[in-house]
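Survey of secondary and tertiary structure
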2 protein chains.
Amino acid sequence: MSESQTEYDLGITCDMHVHLRDGEMCKLITPTVKEGGISVAYVMPNLSPPVITLERVQEYKCTLESLAPETTFLMSFYLCKDLTPELIHAAAKVGAIQGVKCYPAGVTTNSAQGVDPNDFTVFYPLFKAMEEEGIVLNLHGEKPSVAGEKEDIHVLNAEESFLPALKKLHLDFPKLKIILEHCTTAAAIKTIEEINADVKDPLDVMVAATITAHHLFLTIDDWAGNPINFCKPVAKLPSDKRALVQAATSGKPYFFFGSDSAPHPIENKAKHVGVCAGVFSQSLAIPYLAEIFETQGKLDTLKNFVSDAPLSFYALKPEDIKSNQNVTVFKKTTNIPEIITDGKGLRVAPFKAGDELHWAVRWD
Amino acid sequence: MSESQTEYDLGITCDMHVHLRDGEMCKLITPTVKEGGISVAYVMPNLSPPVITLERVQEYKCTLESLAPETTFLMSFYLCKDLTPELIHAAAKVGAIQGVKCYPAGVTTNSAQGVDPNDFTVFYPLFKAMEEEGIVLNLHGEKPSVAGEKEDIHVLNAEESFLPALKKLHLDFPKLKIILEHCTTAAAIKTIEEINADVKDPLDVMVAATITAHHLFLTIDDWAGNPINFCKPVAKLPSDKRALVQAATSGKPYFFFGSDSAPHPIENKAKHVGVCAGVFSQSLAIPYLAEIFETQGKLDTLKNFVSDAPLSFYALKPEDIKSNQNVTVFKKTTNIPEIITDGKGLRVAPFKAGDELHWAVRWD
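In this report, the structure presented in the accompanying data block is examined. Please read these numbers as outputs of a predicted model, since none were measured by experiment.

**Some points on the packing of aromatic side chains**
- Tallied over the full model, the rule gives 39 aromatic pairs over all chains.
- Aromatic side chains B:Phe120 and B:Phe127 sit 6.2 Å apart centroid to centroid with 55° between the ring planes, which places their arrangement in the tilted category. We note that B:Phe120, like B:Phe127, is buried.
- With centroids separated by 5.4 Å and ring planes inclined at 75°, the aromatic side chains of B:Phe217 and B:Phe351 adopt a geometry described as edge-to-face. Here B:Phe351 lies in the loop between β13 (347–348) and β14 (356–363) and B:Phe217 lies in the loop between β9 (207–211) and α8 (220–223), a separation of 134 residues in the sequence.
- The class for B:Phe217 is buried, based on a relative accessible area of 15%.
- Since its relative accessible area comes to 1%, B:Phe351 is described here as buried.
- Members of the aromatic cluster, joined through ring pairs, are A:Phe120, A:Phe123, A:Tyr124, A:Phe127, A:Phe162 and A:Phe173.
- A cation over a ring is seen here: A:Arg362 above A:Phe330, with NZ or CZ 5.5 Å from the ring centre.

**Structural notes on helix α3 (residues 54–67) of chain B**
Residue and element names in this part refer to chain B.
- Under the 1.5 Å per step criterion, the end-to-end length of α3 is 20 Å for 14 residues, consistent within 8% with the ideal 20 Å.
- For α3, the full list of buried residues reads Val57, Tyr60 and Leu64. Within α3, the buried residues cover an arc of 60° as seen down the axis, which keeps them to one side. Opposite its buried face, α3 presents the exposed residues Glu55, Cys62 and Ser66, each directed more than 90 degrees away.
- On the buried face of α3, the contacting elements are α1 (23–29), β3 (40–43), β4 (72–74) and β5 (76–78).

Criteria and thresholds
Going along each chain's sequence as written, the residues are numbered from 1 onward. All chains are assigned letters beginning with A, and all ligands numbers beginning with 1, in the order in which they are written. Residues qualify for local features only when their pLDDT is at least 70, as the model is predicted, and side-chain atom pairs are given and counted only at 80 or more; totals for whole chains, interfaces and linings, by contrast, use all residues. Hydrogens and water are ignored here; the side-chain numbers use all heavy atoms of the structure. The aromatic pairing rule takes the rings of Phe, Tyr and Trp, using the six-membered ring of Trp, and pairs them if the centres are within 6.5 Å, calling planes under 30 degrees apart stacked, those over 60 edge-to-face and the rest tilted. Using a 1.4 Å probe on the protein chains alone, a residue whose accessible area is under 20% of its type maximum counts as buried, one over 50% counts as exposed, and one in between counts as partly exposed. Secondary structure elements follow DSSP: runs of H or I of four or more residues count as helices, runs of E of two or more count as strands, with numbering from the N terminus. Any Lys NZ or Arg CZ that is within 6 Å of a ring centre and within 35 degrees of that ring's normal is treated as a charge sitting over the ring. Each helix should span, by expectation, one fewer than its residue count multiplied by 1.5 Å. To obtain the arc, one takes the directions from the helix axis to the C-beta atoms. Contacts are residue-level and defined by heavy atoms, with any inter-residue pair within 4.5 Å sufficient.

Following this line, the structure appears as C-alpha cells:
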C-alpha cells in the first residue's frame, strides 16, 4: 500500500449483520445500506413478533427490495422452538434464508423470545438440518446476566462466558457454519483464531466472527454516560478494542464485517431509565471502517474484511448479487449529521454524530 | 438482633459525603438531608467555581443553615494550587472546614480544576498543615482514563489503579486523616482493611472509606442503559458489590456512610450524549441503607455505619452538633417518588424511582 493512495476498490461490499426494523423506521433506514457503501446486507429477524415463517421472511424481503432495489438482502430466521428441520429444508430449497439467528433470552432488543444458551441440545435436530443445507448459525454470543453463588455473569464477561458453548457447538457440528456475531473481546478473537488454526483455505472456514464498526472505536468509557454508544454486547476494555482492530485489519478469512447497525428513535436513547441498546452506523458504514483501517496503515486489507471474506464464508455466487457495481472508498472529508430523519417525526442519532470522517464511497 | 425487631435507634446520624449544589437546586435539595434521616452532612466543595476561600465556605454554610436550620453542615475546601498552608491554619482556627476534597482532574462533575493524582508532592506542604490541624483529606480515588502503550486506565480499574497513591500518602503522612470516598471495589476494601490491620481503637483510625447507598445495590449491569444509575466511580461487578455490602455491615470503625448523593436536573440525565454522573439518594438515605442491612440480617450494625464510626473519625463533639435528636429507623412501606420537584421546573429523579422501600425514619 502506498501511503499516498487516496482510493481503494472494495469489490462487492457486504455488511453481514444489519437491523432494518419494520414500519416507518424500515422506510427511513433501508436506503441507508447503499448510502453507507454496502451492496449485500444480511438482515436480522428480531422484529416483533420475530421472523419465523417462510411467508413472513419472503414478505419482509419484498418490502426491503421495494425500498432499496439495488441492495442484495440475505434473510434469516429467529431461532426458537417453533422452527422445525422441515421448515429449514423447505426454506433452503427456495433460497429464502441464508441463516438462523440465535438470541439468548433477554440480552438485547427484541430478544425476549430467545433461547437458553446453557441448553442448545433441544435445537440439535434443527442444527443438523442447517448443517446439511449450508444454512449459517448466527450467534449472539452472550450468556444472560446473573449474580450468585455459582457464578457471576455480567455485561463484561457475558461474551467470554459464552465461548465454551461456541466451541462445543463446533465440535458437535463440525460442518455447520457458525458466526460469533459482533464479537467484542480479546478472548473471543483468541477462540476464533484457535478454532481456525489449521484452516488453509478460506473455503474451509466453518467458524467465523463478525466485527462491527463501532466496536473498533469504543471502549467502556465511551458508553458510560453516552447512551448513543450503548449497545449489546457492550464495548469492553482498551485491550479488547486493540484485539478487535488487529483482527479486523488482519486480512484473515474468518473475520469480517457485520455492522450490527441498530437504529432507535432518539427518544429511546435519551432516557434516564431503559435506554434501548444499539448503535446506528448504517449510513456511513464503510467510511467509519476506513477511518480505523487508515490509522493502522491497513486500508489494503479493508477489501478482505468487507468483501472477500464474507462472500467466501456465505458462499455467495455472482448470480446471488443484484448489483455488480464495485464500491470505491476515497479520501473526502464529510461531516456526520447530528440526526437522520424522515421529516415526519422519526429521528435517529448516527454513531459519532457531529464528528468528521475523512473517507467517502462511490459506486463504479 | 431479633428477627422481629421493627425499629432501631441510630443515634446522631451522619452522611459524610453530600452534594448540595447552589442556586435553585440547593434550595430544593438541602432540606432533603433531614428527610432522609441525616443529622450531620459533610458538604462537598465542587461548586462552579470551586469553594477555596474562607469567605466563600462560610457564606455557603450560612446559605445551607438558612435552608435547613436543624442540620449540622461540615464544610470543605476543593484541593487546588490556590490553597495555602496559611489558609488551612486560618480555616482550622475558626472551625470553618473539616476537610479538603481532592478531585482528580476530569473524572466527575465539576472536577475540571482538579489535581493530577500522579503528582501529590506539590501539595505536601498543604497536607502537613492539614495533618497538624486534624483536617481530613477526602480523596476521590480514581485515576483519569487513558489508553496506551504504558497502561490502560478506564472506569473499571480507575479506583484500583489509585490505591498505591493512597498507600503512599498514608506512609508519608501517617497522622493525616484520609478518607477514600465512595469506594466501589473489593480491591479498595482490601486496602483499607490492610491499612487498619493493627488498629485496636476506633480513635486510632487514620485511613477510612466511605461507602454510598447506591453502590450497595448496583452493579455495571444496572447503569448500562440506565443513566439514572450512572455515577463516578461507576458501580462495578457483583463480586465488588458483595465486598462493599460486607464492609458496610461489618461494624468496623473505618467504613462509614457517605451517600455521594448528587442531584442533577432530569434533563441532564436523560440525554443520548454527555449524561451527568451522579445518583440522587439524599431524600431516602437511611431507608435505602436499612433495606440492604436487612437483607444481610445486620440492622444492628447500621448505627455504627451512620453514627459511631463517622462521629469518631471526624472527632465530633456534642457541641459540634446542632440537633441532639436521635434518628430511629422503623418498618414502614414507602414508595419512592418518580420525581422530586420544586414545582418551578426543577425536576430530579431519585435513586430507584418508582420502587418500594420497607423502612422509614423518625426523629426522637
